[in-house]
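Coordinates in review
Below, each chain spelled out in residue letters.
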Number of protein chains: 2
Amino acid sequence: MKVIKFIKEMQTYSESLRLLGKKIAFVPTMGYFHEGHLALMKEAKKMADCVVVSIYVNPTQFGPKDDFSKYPRDFDRDLKMAESVKADVIFYPPDNEMYPANYQTYVHVERVTQNLCGFSRPSHFRGVTTICLKLFNIVKPHFAIFGKKDFQQYIAIKRMVTDLNLDLHIIGLATVREADGLAMSSRNVYLKENERSSALTLIGGLKLAQNIYSAGERKAKVIIREVEKLIKSADFTDIDYIKICDTTTLDDVGEIKSQAVIALAVKVGATRLIDNHVFGEELKA
Amino acid sequence: MKVIKFIKEMQTYSESLRLLGKKIAFVPTMGYFHEGHLALMKEAKKMADCVVVSIYVNPTQFGPKDDFSKYPRDFDRDLKMAESVKADVIFYPPDNEMYPANYQTYVHVERVTQNLCGFSRPSHFRGVTTICLKLFNIVKPHFAIFGKKDFQQYIAIKRMVTDLNLDLHIIGLATVREADGLAMSSRNVYLKENERSSALTLIGGLKLAQNIYSAGERKAKVIIREVEKLIKSADFTDIDYIKICDTTTLDDVGEIKSQAVIALAVKVGATRLIDNHVFGEELKA
């Protein structure tokens, strides 16, 4: 496995692959891998000749009160895990490569980033779309693979790719979960032992929502109220939002008529967790 | 010469050239060609195997009071002119290709777009950088060539390309002028006969500024005052701005110490004209 730290070297490497007609699949990450990341890499391996994984904790997507400095990092462990699933290249740039002095360009996807986490974390998605666009220009992939755990991120990036005419396929993979149903996240390491069962009310809430939906309920308010009750009943939980949105526009829906997603953000102790479920899709847990 | 109207077709065409190792040079335009455009195409022809010229009057770079609907257009004439300098492909997309329903992504270069025309025309450069990025992703060029008549546009695009890590060379060419010194512009057709001599105070002002500079003056205020006097002395002129700026940051400078540009925007009758000169460079007229 190759480790590349510099933008120019990565571009030259990718361009040479493209000139040979090889296909590149790309998995952008902030590192501290779990099974969810590995699932993305395995999927990437199936569809391309070369799998590039980036590891970069992107400062522009963290707000001033977010956990940028304490975000978990372990490069050596990540390297071994990526190697175990036969990733071909790790792109691991330093900050001054990505945001040099006088940096001043940002990409903004205006509407789908307004609701949900975009409301709670203003400027977060501006940072996400900007770093993804930069990475796409550096890695030059044919495919880029994202987990749907970050559903709004996935939708925002798809929107950006469509709007800016990037010649690139965005692929979204189902959320990978722990045995108990908790969505895998690098931030799960923050959870204290006695908070774990409270964290399970997120998946519990999603299952409950699907059950109410399956029973015929279509009013968002009714479904949300029941999920809210469940999550509030657990210790340490502090709900940021529970919303039901159209999967394309991410606007709130009053009544579920077309494809809709229920999305949650809940603080459990000091740890902010998110999860989501598209009604009618399989909910593995 | 090939005319392509659809994004997918243009991308496929460019990708096939790239796979053959061919170099693509790109000249983005809003059409209504003059000698300035042809100079860009001739330069493009020297450096690449394929010259792609786009013709698209981009709505997002016009403000509500700007001349979008009356901007001059003549596709058949443009086609013949591009053919005369052996352009290979004209990319001529309809509006619904470029900005379909639900379009919502914009690129913003934050600092170099604040001063000069960015101040007079808020959101103008957001439209310019967004359409250029889209076109770069569609045409996939190795080189893109811009006229330095639009100096701030040239700087903003260079900044965007650097910041977003586009693997693309931006080339700026010197302003092409009429025999009397007026900078070529598609908007010159708006000028009434009796306004033409007033329009020449722009190049007159730049020459005066260079002369004062050559005589040793370095205070921006002193140079600007003399240029202002000259332009105000002509009929029909209404100064939008006369500024001396650092060529990298485009911030105003008080005293000229490093490379600086004098930039003008002047309404002559109903027509807004711009021009500029980098001190110490050749001023052909």
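Residues numbered from 1 in each chain as written. Chains lettered and ligands numbered in written order. Predicted model: local features only at pLDDT ≥ 70, side-chain atom pairs only at ≥ 80, totals over all residues.

1. Remarks on helix α1 (residues 7–19) of chain A
Residues and elements named next belong to chain A. Look at α1: 18 Å from first C-alpha to last across 13 residues, which is about the 18 Å you get at 1.5 Å a residue. Those residues of α1 lying buried are Met10, Tyr13, Ser14 and Leu17. Buried residues of α1, seen end-on, are gathered within an arc of 95° and therefore sit on one face of the element. More than 90 degrees from the buried face of α1, the exposed residues found are Lys8, Ser16 and Leu19. (Helix = DSSP H or I, 4+ residues; strand = E, 2+ residues; numbered from the N terminus. Expected span 1.5 Å × (residues − 1). Buried ≥ 20, exposed ≤ 12 C-beta atoms within 10 Å, placed from the backbone. Arc of directions from axis to C-beta.)

2. Let's talk about the interface of chain A and chain B
Quite often, the size of an interface is put as the accessible area lost when its parts meet. Counting from both sides, the interface comprises 24 residues of chain A and, opposite them, 25 residues of chain B. Considering only residue class, the side of chain A that touches chain B consists of 11 nonpolar, seven polar and six charged. Both strand β5 (residues 105–109) of chain A and strand β5 (residues 105–109) of chain B contribute to a ladder of five bridges, which runs antiparallel. Note that in β5(B) the partner of Val107(A) across the bridge is Val107(B). (Contact = placed C-beta atoms within 7 Å. Nonpolar A, V, L, I, M, F, W, Y, C, P; charged D, E, K, R; others polar. Pairing = 2+ DSSP bridges.)

3. Overview of the nonpolar core
Val51(A) and Val51(B) are the most contacted members of the largest nonpolar core, which totals 152 residues. Those residues in contact with Val51(B) that sit more than four places away from it in its chain are Ala25(B), Val27(B), Met41(B), Ala44(B), Lys45(B), Ala87(B) and Asp88(B). (Core = buried A, V, L, I, M, F, W, Y, C linked by C-beta atoms within 7 Å.)

4. Brief notes about helix α7 (residues 151–163) of chain A
Residues and elements named next belong to chain A. The terminal C-alpha atoms of α7 lie 18 Å apart, and with 13 residues this matches the ideal 18 Å at 1.5 Å per residue to within 8%. Within α7, 10 of the 13 residues are buried, which leaves it mostly tucked inside the rest of the structure. Within the sequence span of α7, burial applies to Phe151, Gln152, Gln153, Ile155, Ala156, Ile157, Arg159, Met160, Val161 and Asp163.

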